[in-house]
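# Topology and contacts: notes
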Amino acid sequence: MTHILVTGGAGYIGSHACKALAQAGYVPVTYDNLVTGWQDAVKFGPFEQGDLLDRARLDEVFAKYQPAAVMHFAALSQVGEAMSEPGKYWSNNVTGSLTLIQAAVDAGCLDFVFSSTCATYGEHDNVVLDEASPQYPLNAYGASKRAIEDILRDFESAHDLNHVIFRYFNVAGADPEAEVGEFHQPETHLVPLMLDAIDGKRDGLTVFGTDYDTPDGTCIRDYVHVCDLVDAHVLGLKWLEAGKGSRVFNLGTGSGFSVMEVIEHSKIVTNRVVPYSIGPRRTGDCTRLVSGSIRAEDELGWKPERSTLETMITDAWRWHQNGNYRK
Ligand code: UDP
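From a predicted model like this one, the values you see are computed outputs, not experimental measurements.

Our next topic: the packing of aromatic side chains. By the definition in use, this model includes four aromatic pairs. Where W38 meets F183, the ring centres are 5.2 Å apart and the plane angle is 75°; that geometry is what we call edge-to-face. Of this pair, W38 sits in the loop between β2 (27-32) and β3 (47-49) while F183 sits in the loop between β7 (170-172) and α6 (190-198), and the two are 145 residues apart along the sequence. An aromatic cluster is present here, built from F166, W239 and F249 joined pairwise through their rings. Positioned above the aromatic ring of Y212, the side-chain terminus of R281 is 3.9 Å from the ring centre.

Shown next, in the form of structure tokens:
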């Protein structure tokens with residue numbers, strides 16, 4: 001059995017990745033400190049509690065499972081918090097990832113899949129971003145992820161660490177079988193906040209700014225289904241196994257939707273009213289982030305089949321209504 005070390009496997013994207021890995025015949029070993037993750041989301045392989053900054057614990061886990069590769073999801077990821085407490089992001093995300101990467105290299109585990117972000121690009125008006133677009137992150141979250149990308153490149157030069165970097169756009173949706181789904185505490189993401197507002201778990205959604213330079217004044221994002229996203233990770237792992245070398249891939253669909261368009265689709269999917277009010281801009285938000293995913297489709301053979309707004313909201317709504325194990 002081939003073990004894959006999945007950091008952050010108890011979180012939203014990591015838990016979906018564990019399911020996809022198990023379905024592809026791997027054994028996903030979750031390594032998670034449970035600060036933002038949930039142990040009951042670890043359903044598809046062994047669980048090892050531990051922190052990225054704990055080198056001795058990492059060494060123990062590498063020795064126990066001898067994983068063939070690492071999939072590294074564990075990170076702090078709230079833009080607002082990153083603006084007010086950047087030190088947490090540099091310590092946990094950058095120093096933590098450096099500790100993990102060094103431990104992997106020292107254990108001889110030289111295939112590494114890293115979850116980066118479109119937040120590394122920052123503001124680029126009215127362009128579809130490709131992997132060569134300049135990276136000017138607007139916040140410490142994006143900056144921390146960009147720094148980890150640099151660490152991976154240096155470790156490739158010095159230690160032959162093969163890596164695939166995925167720069168995600170906006171991840172939404174849930175496992176269609178509702179075994180795992182999205183639950184952050186606190187929640188900051190548009191789709192789960194909106195579904196909470198729709199079924200009365202929150203007073204209402206605040207739309208962060210209607211004065212952006214977009215057709216309806218609200219920010220535009222490229223939404224990708226979490227299941228499509230993790231399928232790309234399995235393809236990325238196979239890419240590394242085939243010895244194809246290090247590569248960066250954007251994961252988005254090439255289609256941008258405004259906050260108001262997401263609200264409109266949600267009304268249709270749920271057949272409910274979306275209670276919302278208009279608020280000021282949120283610090284650190286870019287006007288428009290839209291990806292080209294041509295490279296992932298051409299080179300990895302990735303097909304984002306569930307990434308329509310309708311399917312993402314339908315799957316998230318099913319999870320929200322039936323599968324949310326922390327109701
Ligand atoms: N957004 C919003 N109200 C909220 C949460 C998010 O208007 O309560 C907007 C946010 O400004 C952005 C989009 O929804 O334009 C997606 O935000 P999210 O936090 O889900 O992802 P991000 O783009 O920050 O990665």
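A separate point is the nonpolar core. Grouped together as the largest cluster of nonpolar side chains are 34 residues, with contacts concentrated most on I13 and F166. Among the elements that take part in this core, helix α7 (residues 226-241) stands out by supplying nine residues, more than any other. If you look at the next biggest cluster of nonpolar residues, it comprises 27 residues, including L52, F62, V70 and I101.

With that settled, the discussion passes to the site of the ligand. As a structural note, the neighbourhood of the ligand is formed by 15 residues, with L190, T206, R221, R282 and D285 the closest of them. Contact distances for the ligand include 3.3 Å between an oxygen atom and a backbone N or O atom of T188. R282 has a polar side-chain atom sitting 2.9 Å from an oxygen atom of the ligand. Here the ligand loses 89% of its free accessible area of 510 Å² to cover by the protein chains. Sort the elements by how many residues they give to the shell around the ligand and strand β8 (residues 205-208) lands first, with four residues. Among the residues forming the shell around the ligand, the class breakdown is eight nonpolar, four polar and three charged.

This part is about the sheet that holds β2. Spatial ordering of the open sheet is given by β3-β2-β1-β4-β5-β6-β11, a layout of seven strands whose pairing is parallel. Each having just a single partner strand, β3 and β11 (247-251) make up the two edges of the open sheet. The average undirected angle you get between the axes of adjacent strands in this sheet is 20°. For strand β6 (residues 162-168) and β11, the ladder comprises five bridges, and the chain directions are parallel. Bridging from a neighbouring strand, Y168 pairs with L251 of β11.

So, how was this worked out
Residues numbered from 1 in each chain as written. Predicted model: local features only at pLDDT ≥ 70, side-chain atom pairs only at ≥ 80, totals over all residues. Heavy atoms only, no water. Phe/Tyr/Trp six-rings, centres within 6.5 Å; stacked < 30°, edge-to-face > 60°. Helix = DSSP H or I, 4+ residues; strand = E, 2+ residues; numbered from the N terminus. Lys NZ or Arg CZ within 6 Å of the ring centre and 35° of its normal. Core = buried A, V, L, I, M, F, W, Y, C linked by side-chain atoms within 4.5 Å. Buried < 20%, exposed > 50% of the residue type's maximum accessible area, 1.4 Å probe, protein only. Near = heavy atom within 4 Å. Polar contact = N/O pair within 3.5 Å; in protein donor to acceptor, adjacent residues only side chain to side chain. Areas by Shrake-Rupley, 256 points an atom, 1.4 Å probe, with all protein chains shown as cover. Nonpolar A, V, L, I, M, F, W, Y, C, P; charged D, E, K, R; others polar. Pairing = 2+ DSSP bridges. Axes fitted to C-alpha atoms, helices over the stretch in contact; angles between N-to-C directions.

Such coordinate-based values are descriptive only and should not be taken to indicate function.
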